[in-house]
Amino acid sequence: MDSFRPLLAIGMVAAVFALGFFWGVPTHCVQLPNGLNIGKQALLDLNRPYFRPDIVPKFDNGQSLLPGDAWPFYATETTVHGLALEADPEDDFWFAWREDTGLVLKAENPALYEKLVSEAGAPMGNKGINVVGSHIVMMELQRQSEYADQTCRTRWMVFGTGDL
């Protein structure tokens, strides 16, 4: 029985790391009233310089809404919208997300996109500036007491677009 203790200990440690890898770890984020979070896409992004992850809108399970950064980025009480930046600027796309409609791309449904943006309301965290990225919105909202010290699930690492 004593010979199995090291194996049992190694197995338990491996199980804890596996759960952390697949389920993610809590990191600082902003939980928006519209149902999304703004936070790191992962702890490590193997597609980015210096492996630094983007700050993206994401769901409670850690899944990203977008493949990367958004600029401009607007978060309101009901909606998140802006321009999603891809690796190739020709692939950038305008998007809007609201809980009842899901992700709407301007190129695919311009009428619904315009409706969502017009009904979105005042941006949160933009400090009166119209063109800011998701990093700035998150930083500004974290300075407000109701959004300070919030955490949400974040993946350990992403390869490519993070399985979007």
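Residues numbered from 1 in each chain as written. Predicted model: local features only at pLDDT ≥ 70, side-chain atom pairs only at ≥ 80, totals over all residues. Heavy atoms only, no water.

**A few points about the overall build of the protein**
So, point 1. The secondary structure content of the protein amounts to three helices and nine strands.
So, point 2. Listed by position from the N terminus, the elements making up the protein come as α-β-β-β-β-β-β-β-β-α-α-β.
So, point 3. Sequence separation of at least 24 residues holds for 52% of the intrachain contacts in the protein that already meet a minimum separation of 6.
So, point 4. Accessible area of the protein: about 9,500 Å², with a carbon and sulfur share of 61%. (Helix = DSSP H or I, 4+ residues; strand = E, 2+ residues; numbered from the N terminus. Contact = heavy atoms within 4.5 Å. Areas by Shrake-Rupley, 256 points an atom, 1.4 Å probe, with all protein chains shown as cover.)

**Observations regarding the sheet that holds strand 2 (residues 37-40)**
So, point 1. Taken in spatial order, the five strands make up an open sheet running 3-9-1-2-4, and their pairing is mixed. One side of each edge strand has no neighbouring strand; the edge strands of this open sheet are strand 3 (42-45) and strand 4 (55-58). This sheet shows a mean twist of 40 degrees between the axes of neighbouring strands, independent of strand direction.
So, point 2. Sheet topology places strand 1 (residues 25-31) next to strand 9 (residues 150-158); five bridges connect them, and they run antiparallel. Within strand 9, the residue paired with Cys29 across the bridge is Gln150.
So, point 3. Where helix 3 (residues 134-142) meets the sheet, it contacts strand 1, strand 2 and strand 4, and its direction lies at approximately 85 degrees from that of strand 1. (Pairing = 2+ DSSP bridges. Axes fitted to C-alpha atoms, helices over the stretch in contact; angles between N-to-C directions.)

**Regarding the nonpolar core**
So, point 1. Leu32, Ile38, Phe73, Phe95 and Leu141 are the most contacted members of the largest nonpolar core, which has 21 residues in total.
So, point 2. Secondary structure elements with two or more residues in this core: strand 5 (70-75), strand 6 (79-84), strand 7 (93-98) and helix 3.
So, point 3. Every residue in contact with Leu141, bar those within four places of it in the chain, is listed here: Val30, Leu32, Ile38, Met124, Gly125 and Tyr147. (Core = buried A, V, L, I, M, F, W, Y, C linked by side-chain atoms within 4.5 Å. Buried < 20%, exposed > 50% of the residue type's maximum accessible area, 1.4 Å probe, protein only.)

**Looking at the side chain of Ser134**
So, point 1. Along the polypeptide, Ser134 turns up in helix 3.
So, point 2. Residue contacts for Ser134: discarding those within four places in its chain leaves Ile38, Ile55, Val56, Asp69, Ala70 and Phe73.

**Describing the pattern of salt bridges**
So, point 1. A complete count under the given rule lists five salt bridges for this structure.
So, point 2. Between Lys115 and Glu119 there is a salt bridge; the shortest N-O distance is 4.0 Å. You can see Lys115 and its partner Glu119 sitting in helix 2 (residues 110-119), four residues apart, about one turn around the helix.
So, point 3. The class of Lys115 is partly exposed, set by a relative accessible area of 41%.
So, point 4. Note on Glu119: relative accessible area 42%, which makes it partly exposed.
So, point 5. The shortest N-O distance in the salt bridge between Glu140 and Arg143 comes to 3.2 Å.
So, point 6. The buried category is assigned to Glu140, whose relative accessible area is 12%. (Salt bridge = Lys/Arg side-chain N within 4 Å of Asp/Glu carboxyl O.)

**Focus: the pairing of strand 2**
So, point 1. In this sheet, strand 2 lies alongside strand 1 in antiparallel orientation, the contact comprising three bridges. In the strand pairing of strand 2, Cys29 is matched with Gly39.
So, point 2. Linking strand 1 to strand 2, which pair antiparallel, is a turn of five residues; within it Gly35 sits at a positive phi near 105 degrees.
So, point 3. Direction of pairing for strand 2 relative to strand 4: antiparallel, over a ladder of four bridges. Of the residues in strand 4, the one forming a bridge with Gly39 is Val56.

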